[in-house]
Amino acid sequence: MKGAADGTGAEAIVLVDKNTGTERQLLVSRFDDDYKQNLTNLDTPLFSLDGGFVYVTSNDASPYRSAVHQINLRTGKARFVTTGTALSVIRTGPYRGFLMIQRHKQARPPENGTINPVFVVRPDGMLEFLVPGSENEYGELAVAPWLAKRGWHAW
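Residues numbered from 1 in each chain as written. Predicted model: local features only at pLDDT ≥ 70, side-chain atom pairs only at ≥ 80, totals over all residues. Heavy atoms only, no water.

**Thoughts on the sheet that holds strand β12 (residues 127-130)**
Now for step 1: As summarised here, the arrangement of the four strands in space is β7-β8-β11-β12, forming an open sheet in which the pairing is antiparallel. Looking at the sheet topology across the chains shown, the edges are occupied by β7 (85-89) and β12. Neighbour to neighbour, the strand axes of the sheet diverge by 30° on average, direction disregarded.
Now for step 2: Taken together, the four bridges between strand β8 (residues 99-102) and strand β11 (residues 118-121) define a ladder with antiparallel strand orientation. Across the sheet, residue Leu99 finds its bridge partner in β11, namely Val121.
Now for step 3: Here helix α1 (residues 143-150) sits on the sheet in contact with β8, β11 and β12, set at roughly 155° to β8. (Pairing = 2+ DSSP bridges. Helix = DSSP H or I, 4+ residues; strand = E, 2+ residues; numbered from the N terminus. Axes fitted to C-alpha atoms, helices over the stretch in contact; angles between N-to-C directions. Contact = heavy atoms within 4.5 Å.)

Take a look at the structure:
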C-alpha cells in the first residue's frame, strides 16, 4: 500500500511468493525526525545479490535528506546504510554486491545550482569512490558508459 504523496499515511513493503501468491508484510513505514531513522516515502527497492536483503530509499521533504536503508528479508529489521538515493546494485566485476548511490549536493563555487554525483558504496555504507564523470547535474548519465567500459553490469 502506498501513502500520500506528501509523506503522510502508511506505506508497506510486501513480499509476494510468485508460486503461491502468499503475501507477507515486511515493513510498515514510520516517520522519524532523524532522516537516518525515517522510513517514509519509500522508493527504489533493490535486492542484494544473495537475496537476503532489500535496499530502499527513504525520501524526506528535502532532497538533501534522502537515505538508503537495508531491510533484512527474514526479520524485517531495517538498518541505515548511507545518505543518498540507491540507483542499483553492481552485479559483476570486483565491486560485485556494492551499491551505486546518487547524492544531491550544492555545487562548489564558482558554480551555481546543484550536482548529483554517483558513488560506489559498500553494503555496510562505507564509501569506496566517486564514479568518474558523474560530478555534475546529471551524474547518473555517467554510470552506464563507466560500467560498459569495464564490462560490468548493475541493476
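There is more to say after this.
**As for unusual backbone geometry**
Now for step 1: One non-glycine residue, Asn41, lies in positive phi territory at about 50°.
Now for step 2: Residue class for Asn41 comes out partly exposed when judged on its relative accessible area of 22%. (Buried < 20%, exposed > 50% of the residue type's maximum accessible area, 1.4 Å probe, protein only.)

**Remarks on the environment of His104**
Now for step 1: Structurally, His104 is set in the loop between β8 and β9 (105-106).
Now for step 2: Judged by relative accessible area, His104 falls into the partly exposed class, the value being 26%.
Now for step 3: In this structure, the C-alpha to C-alpha distance between His104 and Asn136, residues 32 residues apart in sequence, is 9.9 Å.
Now for step 4: At 2.7 Å, the side chain of His104 forms a polar contact with the side chain of Asn116. (Polar contact = N/O pair within 3.5 Å; in protein donor to acceptor, adjacent residues only side chain to side chain.)

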